[in-house]
Amino acid sequence: MRKIQLHWKIIIGMISGILFGFFGILLNQDSLIINWIKPFGIIFINLLKLIAVPLVFASLIKGISSLNNISKLSKIGTYSVFFYLISTVIAINIGLITVNLLKPGDYFSQSKKTEFRKKYASDTDKKLSIANKVKNNSPLQFLVDIVPENIIESSSKNKNMLQVIFFAIIFGLSIVLLSEKETLYVRGFIDGLNDIILKMIDLIMSFAPIGVFSLLASLIVDFSDGNLNNLFELFSALGLYSLCVITGLVLMIFLIYPLFLKLFTNIKYFEFFKGIFPAQMLAFSTSSSAATLPMTMDSCEKKLNISKQICSFVLPLGATINMDGTSLYQAIAAVFIAQAFGIDLSISQQITIVLTATLASIGAAAVPGAGLVMLIIVLESIGVNPEGVSLIFAVDRILDMLRTVVNVTGDATIAKIIDAKINDLN
Ligand code: ASP
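All figures in this text were calculated on a predicted structure; none of them were measured in a lab.

Moving on: the overall build of the protein chain. When helices and strands are counted, the protein chain shows 18 helices and zero strands. In the protein chain, which comprises 426 residues, the share counted as buried stands at 53%. A fraction of 84% describes how many contacts in the protein chain between residues 6 or more apart in sequence connect residues 24 or more apart. Carbon and sulfur atoms provide 65% of the accessible area of the protein chain, an area that totals close to 19,500 Å².

Printed below as a string of structure tokens:
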């Protein structure tokens, strides 16, 4: 019998998870799902997070140390930052155009606003206190945060991925600067470590269909609070706002990225899409670019034929700093909340959104909900009451799943472009 491919198994897991969640609610079995199904989803996410730091560490050092000259590395670095910034700014502008045209906030009734604010007030307080900490820092704090004082401590938290990347880059660079003889054993060790980690990822991925099944079944239950009507009510209230975000995200996937690929590479978009599809499905199910990273790297290397060196440098960096979906969503959400509060944003405020959403998406960790926390900073920068985020909590989980798909697709697109550029130079 022909073996079913992993991404099909993941899709089957997703669809059956959604159906299971719906039927669970209809049959009043939500506690069964929360107690007996949800833990498998959490285990799956934990397994993915578990492998993230070792993967970035080993693959980045291997990638850098196999570059035989520093100038190639600096070219890859410069291209990455350049294309990541360009794609983020384009995404924000698409977001701003969509939200200014559709004006979803104008349709929000006063009673709905009050209702949502009340419902999510306590949660807002928690998010506000995190954002306030960020806000009181110096503008250069993000640079300070990249340089760790203790690598063991940094490695103990996935949100410190940029610090791990920083350490791995210096480590890899030092290997390149030393002679072959001096680093022979370390190179051998890193090669072996890398192979072992890739095998571990294979093993973890075989659990993915069950993992995404549990994640989606429990998400439906959590989201609806045990009542399907809640699900429909929330969607209709925030329908136009969600539509704006979804339109922007769809434009990125079906217009901007294909355009980028057409301009800078030879790959057909269908081929690209087919190759990255499994990673997109995992991004959708986990809402985390970091958790999806192993799959993104695997798909880029094996299906999109991007060189290992480029994948191991550009993708971990992209997962942490390049979030086109998140920045687009932040722009739309900020304007939407302002509209809902009856505030007309000036052009200079909208330009501020471009700047702060770029920084906020760079600063957002590649985990579920991170974009929402950083949105508070964007709101503060344009003088909109950050409590406004309570208006959009209700649909944020679903939009998070979708924007993570765009984040991951953006990383893969840029990796493919850099691969083509570097090949052209050779
Ligand atoms: N969940 C997103 C990611 O991991 C970040 C966010 O927008 O919340 O890419």
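There's more to say after this.
With that settled, consider empty space enclosed by the protein. Tallied over the entire structure, the rule returns one cavity of 30 Å³ or more. Of the pockets and cavities examined, the largest cavity occupies roughly 70 Å³. When contributions to the lining of the largest cavity are tallied by element, the ones reaching two or more residues are α17 (370-381) and α18 (393-425). Ranked by residues supplied to the lining of the largest cavity, first place goes to α18 with four residues.

Another aspect to go through is the confidence of the model for the protein chain. Confidence in the prediction of the protein chain, expressed as mean pLDDT, is 85, and 88% of residues score 70 or more. Confidence scores differ between elements of the protein chain, with helix α4 (residues 110-135) showing the lowest mean pLDDT of 55 and helix α11 (residues 239-264) the highest of 95.

A few words on the state of the cysteines. All chains considered together, the criterion is met by zero disulfides. Free cysteine Cys-300: the closest other cysteine sulfur is in Cys-311, separated by 5.1 Å.

Let's shift gears to the site of the ligand. If you check the shell around the ligand, you find 16 residues, and the closest are Ser-289, Thr-326, Gly-371, Asp-400 and Arg-403. In the model, an oxygen atom of the ligand is placed 3.1 Å from a nitrogen or oxygen of the Ala-370 main chain. The fraction of the free accessible surface of the ligand (270 Å²) that becomes covered by protein chains is 100%. More than half of the atoms belonging to the ligand lie within 2 Å of the grid points that define the largest cavity. Mapped onto the shell around the ligand, the elements with two or more residues apiece are α17 and α18. Residues of the shell around the ligand, tallied by class, amount to six nonpolar, eight polar and two charged.

A separate point is the pattern of salt bridges. For the structure on display, the rule yields five salt bridges. Here Asp-191 makes a salt bridge to Lys-62, at a shortest N to O gap of 3.3 Å. With Asp-191 in helix α8 (residues 184-205) and Lys-62 in helix α2 (residues 30-65), the pair connects residues that are 129 residues apart, well separated along the chain. Looking at Asp-191, the relative accessible area reads 34%, which means it is partly exposed. Taking the shortest distance from any N to any O, the salt bridge between Arg-403 and Asp-396 comes out at 3.4 Å. Classification of Arg-403 as buried rests on a relative accessible area of 1%. Residues joined in a network through salt bridges with shared partners are Asp-396, Asp-400 and Arg-403.

The next thing to look at is the layout of surface pockets. Its volume calculated, the second largest pocket comes out at about 440 Å³. Elements with a minimum of two residues in the lining of the second largest pocket: α1 (6-26), α8 and α13 (289-302). The leading source of residues in the lining of the second largest pocket is α13, at four residues. Classifying every residue of the lining of the second largest pocket gives six nonpolar, four polar and six charged.

Tracing the backbone shows Leu-263 in helix α11. On the basis of relative accessibility, which here comes to 63%, the residue Leu-263 falls in the exposed class. Along the backbone, Leu-263 and Ile-417 are 154 residues apart, and their C-alpha atoms lie at a distance of 9.1 Å.

With that settled, consider α2. Taking 1.5 Å as the rise per residue, α2 with 36 residues should run 52 Å; its terminal C-alpha atoms sit 51 Å apart, in good agreement. A bend of about 40 degrees at Ile-37 is the largest found in α2, and the proline Pro-39 appears one to four places after it.

Attention now goes to the packing of α13 against helix α14 (residues 308-321). Two numbers describe how α13 lies on α14: the axes approach to 10 Å, and their chain directions differ by 155 degrees. Taken together, the axes of α13 and α14 lie roughly antiparallel to each other. The crossing of α13 and α14 is right-handed. Contacts from Ser-289, Leu-293, Thr-296, Met-297, Cys-300 and Glu-301 in α13 reach Lys-308, Cys-311, Ser-312, Leu-315, Pro-316 and Ala-319 in α14. When grouped by side-chain class, the residues that make up the contact of α13 with α14 number seven nonpolar, three polar and two charged.

Here is what the cut-offs are and how they apply
- Residues numbered from 1 in each chain as written.
- Predicted model: local features only at pLDDT ≥ 70, side-chain atom pairs only at ≥ 80, totals over all residues.
- Heavy atoms only, no water.
- Helix = DSSP H or I, 4+ residues; strand = E, 2+ residues; numbered from the N terminus.
- Buried < 20%, exposed > 50% of the residue type's maximum accessible area, 1.4 Å probe, protein only.
- Contact = heavy atoms within 4.5 Å.
- Areas by Shrake-Rupley, 256 points an atom, 1.4 Å probe, with all protein chains shown as cover.
- 1 Å grid on protein atoms, 1.4 Å probe; cavity = no way out; pocket = protein on both sides within 12 Å on 5 of 7 lines; lining within 4 Å.
- Points joined across faces, edges and corners; volume = space filled by probe spheres on them.
- pLDDT = per-residue confidence, 0-100.
- Disulfide = S-S within 2.5 Å.
- Near = heavy atom within 4 Å.
- Polar contact = N/O pair within 3.5 Å; in protein donor to acceptor, adjacent residues only side chain to side chain.
- Sits in = over half its atoms within 2 Å of the grid points.
- Nonpolar A, V, L, I, M, F, W, Y, C, P; charged D, E, K, R; others polar.
- Salt bridge = Lys/Arg side-chain N within 4 Å of Asp/Glu carboxyl O.
- Expected span 1.5 Å × (residues − 1).
- Bend = angle between axes of the 7 residues up to and from the residue.
- Axes fitted to C-alpha atoms, helices over the stretch in contact; angles between N-to-C directions.
- Parallel < 35°, antiparallel > 145°, perpendicular 65-115°, else oblique.
- Left-handed = near helix turned anticlockwise from the far one by under 90°.

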